[in-house]
Amino acid sequence: MLSHIRMKMLLIVIPVLCVVIMLSYSASVRTAKRIVDHETSERISAEKEIQKNIIEKNMNDAAEISRVLAVFAGNGYKDYSPDYYIHILEPVVRDNPFILGAGFWFEPYLYDQSQKYMGPYVYRDGDRIIPTFEYSSSDYDYFSQNYYTLAKKTEKTVWTDMYYDQTSNLYMITCSQPVTDENGTYIGCVTVDVGLSSMQKFISDYIARYDGTTYIINREGTYLAAEDEAVVKAKGSVYDSENQSFLLAVSEIISNEDGSTSYHRNKQKISLYYKTLNDLGWKIVFEIPESSINQPLRQLSDTFIWIFGLSLLFMSFTVFILTDRIIDRPVNAILREIKSIGERRLDQKVSSELVTRSDEFGLIGKSLEEMKQQIKQSSEKLNQSLNENVDSQKQLIRQNQILTERETQMYHSLKYANSLMEAIPDTVFVISKEGVFLDGIGDMDHLFFKKDQFIGKNIKDVMPRRIAAKGSELISQVFLTGENQKIEYEWTSGQVKEYHELRIVKWFDDKVIAIARNITETHNYIREIEEISYHDQVTGLHNRRYFDKKAKELDRKENYPMSVIFSDLNGLKMVNDSFGHEYGDYMLKRFAEILADSEKEGELISRVGGDEFAIILKKTEKAETEQYIRELKEKCAGETINGIELSVSFGYCIITDSGLSVLNAVKLAEDEMYQNKLYEAYSRRSKTLDIILNTLHEKNPREEQHSQRVAELCETMARQMGMPDSDIKKIKAAGLLHDIGKIGIQEALLNKPGMLTEDEYQEIRKHSEIGYRILNTSPNMSEIAEIVLCHHERWDGKGYPKGRSKTDIPLYARIISIADAYDAMTSDRSYRRALPAAYARNELIRGAGKQFDPELVDFFVNHVIGLN
């Protein structure tokens, strides 16, 4: 019976205790689950924002640098030497650690008409900065590369997909910026290669910290960075997976900007957290097994199992002790007493015995009543003990919950700090919602104050008022909109001026992360490049881009009347072709110096084209403008380059009111300048040609005699053929000028006594094209220019420079080629004595039908040689 009572009590107390504990466990698990999910989401969000900011910052800087370089190339590609491009690119790569290489890539034959490829490139090799022109060849053929074709097709800033460079063993992406000339025509592109190896390092670090994986994909699902580098190198795709659950999750990731989803793998739930990194649609994805996320829950479950088991043992032991003391002992005592009474003498009287029994049973009843009261009291004590135990269990559960929460926060804080220290080369501040600095980690060396001077203080107590006000405003915007904020500011301390960028990211509900980066070098470099892009490299004057910008600013009522002057150097192209670009550059520089020395107040002087200059004079009437132009012409008249007078044509237009824009005034001044240029052109070109011929003949006296003899042979043949006098004069002039292009060949090469090397021969061959360009600058010399161009073409099409054949070669050029060859063989040369006339005659006959027109050779041999 007693065991039965004890069992009933256990069956009553233990289920009640189990229900209480399970309810507490369920509530704790749900609370812990919410905390873990929130912590995980916040942690992942912070990690994503950090990596997003690193990548976007580098890409934005690269895009800005490429834009400035593109403007620079578009304004000065006609003036800059290839070496100067290297000079511009080297600091770009040297001063920006995230840039692995940069280059200029021009359209075919644009930079040099004899050179199809033109691609100066500078790249980083460890600590070395290496310039190269190795990509300027058909072996590389950059015209077919993505960065070139995309920029040409879209005519805007484009980014290639991330790729693995086998040479440098680095991940990178290329920013390509189209380059256009002053007319908006595409002339090539600028590329900046951005290193993204930090992405792969970030992923490796993340994998090491968490039981999960991270990867970055583009909008097509191709892996850009992943735990398995082989997948990246092979350009693997998330769509290669056969897991349908994963493919559904991928579709959601590609379709949305950011968020979370999940899929199942091997009967295990995998949580995915993702965010869009940039405008290219890249996604950074964090994969974490649910078991890893729920690890704190498992720890909590283990704790509750121990609590539950110990509680059952404790309560069972309590019930056992209480039933023994409160029930077993009193009842056993009563039974012993009853047995003792039953053994008394049977010989007592029945009445006495009954009375006695009655008294005894009264005592027994009294004892039972007392026992009942004791049991009731014990039951109350038991209930009180149970309630106290339940309260104790609840308190224990709550303490464990708080402990787990704090442990999770501490774990997150430590790992988060480590993540920042490893992944970010900048300074990171943790700031409260109220603007108080809570912590600072990372690069503290460049700060103007020590850490203990700002921790615990408000932004307004540390930063200058303007920066503090803007920073507080951005922090408020972060909590108001949930979007990241950015500010660039100038910081001056003593004589030191720096430029910084601050990016602010929300972290939990009461803090922000502020990532500070010193952008002084990048800022100054961009300013330097912009300054270069506003100046002409040859003359040092402002360029067309600056002129257009400044002219709009000057076009105001207070500057009227305003003179717009347009000028053009006459014969610059002829000087370049005849004497080389160094002489043409000298001509440009000398005229720029004359303009700069004019010292006219309020003037704007710019080189707006290859040989064109524009000038704006404020508050200048017509008479003053004409006097200004006369003075410039007088100064130019006293300057000569290799005997050629520095000649400049001018035109001007006066703006008296806002009815005439600067743009239209420039057009009118330019039209007048070209009209004046026509009046002066003929006599000047004729004089210039004479100077060029005289200079050539001074370099090589044999050339003058050779040209005269060739002209006489051509004249004789033309007369024998019965040509009219006008044609005879034309072919004689062509004969005199046929080697004028040799003015552009080095004197030492023209007079070399020995045989020419292959490279030297190729250099000599350029003289026909140079002569064509010199003569073609004069409209009335265009036909002679064509004859000069073709006088080394062959009847069989194996000549140069165009490879023309038979009657496709002008008649006069075919005649000159025969006369030129004959005189060359029968005259003394620098490398041999003159050959006999008979030998030359036989060589002409042997070359008939191959090198020469056979009919003309026959006529020359039979009707010309015999007359000379």
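Residues numbered from 1 in each chain as written. Predicted model: local features only at pLDDT ≥ 70, side-chain atom pairs only at ≥ 80, totals over all residues. Heavy atoms only, no water.

1. Quick notes on the overall build of the chain
The following threshold applies: Each helix is a run of H or I in the DSSP string that is no shorter than four residues. Each strand is a run of E no shorter than two, and both are numbered from the N terminus. Each residue's exposure class comes from its accessible area (1.4 Å probe, protein chains only) as a fraction of the maximum for that residue type: buried when under 20%, exposed when over 50%, partly exposed otherwise. We call two residues in contact when some of their heavy atoms are within 4.5 Å. To measure how exposed things are, a 1.4 Å probe is used in the Shrake-Rupley method; for residues, cover is taken only from the protein chains shown.
For the chain, the helix and strand inventory stands at 26 helices and 24 strands. A buried classification covers 48% of the 868 residues belonging to the chain. Within the chain, contacts between residues at least 6 apart in sequence are counted, and of these 60% link residues at least 24 apart. When the accessible surface of the chain is summed, it comes to about 44300 Å², and 50% of that surface belongs to carbon and sulfur atoms.

2. Description of the environment of serine 647
To keep things clear, this is the line we draw: We define a polar contact as two N or O atoms separated by no more than 3.5 Å, with the added condition that, inside protein, one atom must be a possible hydrogen donor and the other a possible acceptor, whereas residues neighbouring each other in sequence contribute only through side-chain atom pairs.
Position of serine 647 among the secondary structure elements: in the loop between β23 (644–645) and β24 (648–655). Assessed through its relative accessible area of 12%, serine 647 is described here as buried. Measuring from C-alpha to C-alpha, the distance between serine 647 and lysine 633 comes to 7.8 Å, with 14 residues separating the pair along the chain. There is a polar contact of 2.8 Å between the side chain of serine 647 and the side chain of asparagine 570.

3. Details of helix α18 (residues 701–720)
Heads up, the condition is: By this rule the span expected of a helix is its residue count minus one, scaled by 1.5 Å.
Spanning 20 residues, α18 covers 29 Å between terminal C-alpha atoms, matching the ideal 28 Å at 1.5 Å per step. If you check which residues of α18 are buried, you get Glu703, His706, Ser707, Val710, Ala711, Leu713, Cys714, Glu715, Met717 and Ala718. Immediately downstream of α18, the backbone of glycine 722 shows phi near 80°, a positive value.

4. Considerations on the pattern of salt bridges
Filter applied, for reference: A pair is scored as a salt bridge if a Lys or Arg side-chain nitrogen falls within 4 Å of a carboxyl oxygen belonging to Asp or Glu.
Under the counting rule described, the total for this entry stands at 31 salt bridges. Between glutamate 64 and arginine 67 there is a salt bridge, and its shortest N-O distance comes to 2.7 Å. With glutamate 64 and arginine 67 both in helix α1 (residues 2–76), this residue pair falls three residues apart, about one helical turn. Using a relative accessible area of 27% as the deciding quantity, one classes glutamate 64 as partly exposed. Taking the relative accessible area as the measure of exposure, arginine 67 reaches 28% and is therefore partly exposed.

5. Quick notes on the confidence of the model for the chain
What counts, and what does not: One number per residue, pLDDT, summarises how confident the predictor is, and it ranges from 0 to 100.
Averaged over all residues, the pLDDT of the chain equals 78, while 70% of them reach at least 70. No element of the chain has a lower mean pLDDT than helix α4 (residues 197–209), which averages 53, and none a higher one than helix α24 (residues 811–825), which averages 94.

6. With respect to the sheet that holds strand β11 (residues 268–276)
Going by this rule: Following DSSP output, two strands are said to pair if at least two bridges run between them. Orientation is described by lines fitted to C-alpha atoms, with helices fitted over the stretch in contact, and by angles between N-to-C directions that extend from 0 to 180 degrees.
Taken together, five strands build an open sheet; the order of strands is β9-β8-β12-β11-β10 and the sheet is antiparallel. Every interior strand has two partners, whereas the edge strands, β9 (223–225) and β10 (258–265), have only one. For this sheet, the mean angle separating the axes of adjacent strands, direction not counted, is 30°. Where strand β8 (residues 213–217) lies against strand β12 (residues 283–289), five bridges are found, and the strand directions are antiparallel. When the bridges of β12 are listed, isoleucine 217 appears paired with lysine 283. This element, helix α6 (residues 244–255), spans β8, β10, β11 and β12 of the sheet and lies at about 175° to β10.

7. Considerations on helix α11 (residues 465–481)
Our working definition: The arc refers to the directions leading from the helix axis to the C-beta atoms.
Here α11 is 17 residues long and its end C-alpha atoms lie 24 Å apart, about the 24 Å a rise of 1.5 Å per residue gives. Among all positions in α11, only Ile467, Ala468, Gly471, Leu474, Ile475, Val478 and Phe479 are buried. Axial view of α11: buried residues confined to an arc of 135°, hence all on one face. Exposed side chains of α11 directed beyond 90 degrees from the buried face belong to Arg465, Arg466 and Leu480. Positive backbone phi, approximately 80°, marks glycine 482, located one or two places after α11.

8. Observations concerning the environment of phenylalanine 547
Secondary-structure assignment places phenylalanine 547 in helix α13 (residues 544–554). Here phenylalanine 547 falls in the buried class, since its relative accessible area comes to 2%. Along the backbone, phenylalanine 547 and alanine 614 are 67 residues apart, and their C-alpha atoms lie at a distance of 8.0 Å. Beyond its immediate chain neighbours, meaning those up to four positions away, phenylalanine 547 contacts Leu604, Ser606, Val608, Ala614, Ile616 and Val666.

9. Digging into the sheet that holds strand β18 (residues 542–543)
The five strands are arranged β18-β20-β21-β19-β24 in an open sheet whose pairing can be described as mixed. Every other strand in the sheet has two partners, leaving β18 and β24 as the edge strands with one partner each. Direction of pairing for β18 relative to strand β20 (residues 603–607): parallel, over a ladder of two bridges. From the neighbouring strand, asparagine 543 faces β20, where its bridge partner is arginine 607.

10. Considering the packing of aromatic side chains
The line we're drawing: Ring pairs are drawn from Phe, Tyr and Trp, using the six-membered ring of Trp, whenever the two centres fall within 6.5 Å, and their geometry is named by plane angle: stacked under 30 degrees, edge-to-face over 60, tilted for the rest. Any Lys NZ or Arg CZ found within 6 Å of a ring centre and within 35 degrees of that ring's normal is scored as a charge over the ring.
What the rule picks out here adds up to 30 aromatic pairs. For the pair tryptophan 105 and tyrosine 135, a centre-to-centre distance of 6.3 Å together with 70° between the ring planes defines the contact as edge-to-face. Separated by 30 residues along the polypeptide, tryptophan 105 in strand β1 (residues 99–106) and tyrosine 135 in the loop between β3 (128–132) and α3 (146–154) bring together distant segments of the chain. Under the relative-accessibility criterion, tryptophan 105 is labelled buried at 2%. A relative accessible area of 29% places tyrosine 135 in the partly exposed class. With a centroid separation of 6.1 Å and 20° between ring planes, the pair formed by tyrosine 121 and tyrosine 123 is classed as stacked. Since its relative accessible area comes to 27%, tyrosine 123 is described here as partly exposed. The structure contains a cluster of three or more aromatic residues connected by ring pairs, namely Trp105, Tyr117, Tyr121, Tyr123, Tyr135, Tyr140, Tyr142, Phe143, Tyr147, Tyr148 and Tyr186. Sitting above the plane of the phenylalanine 479 ring, lysine 433 keeps its charged end 5.1 Å from the centroid.

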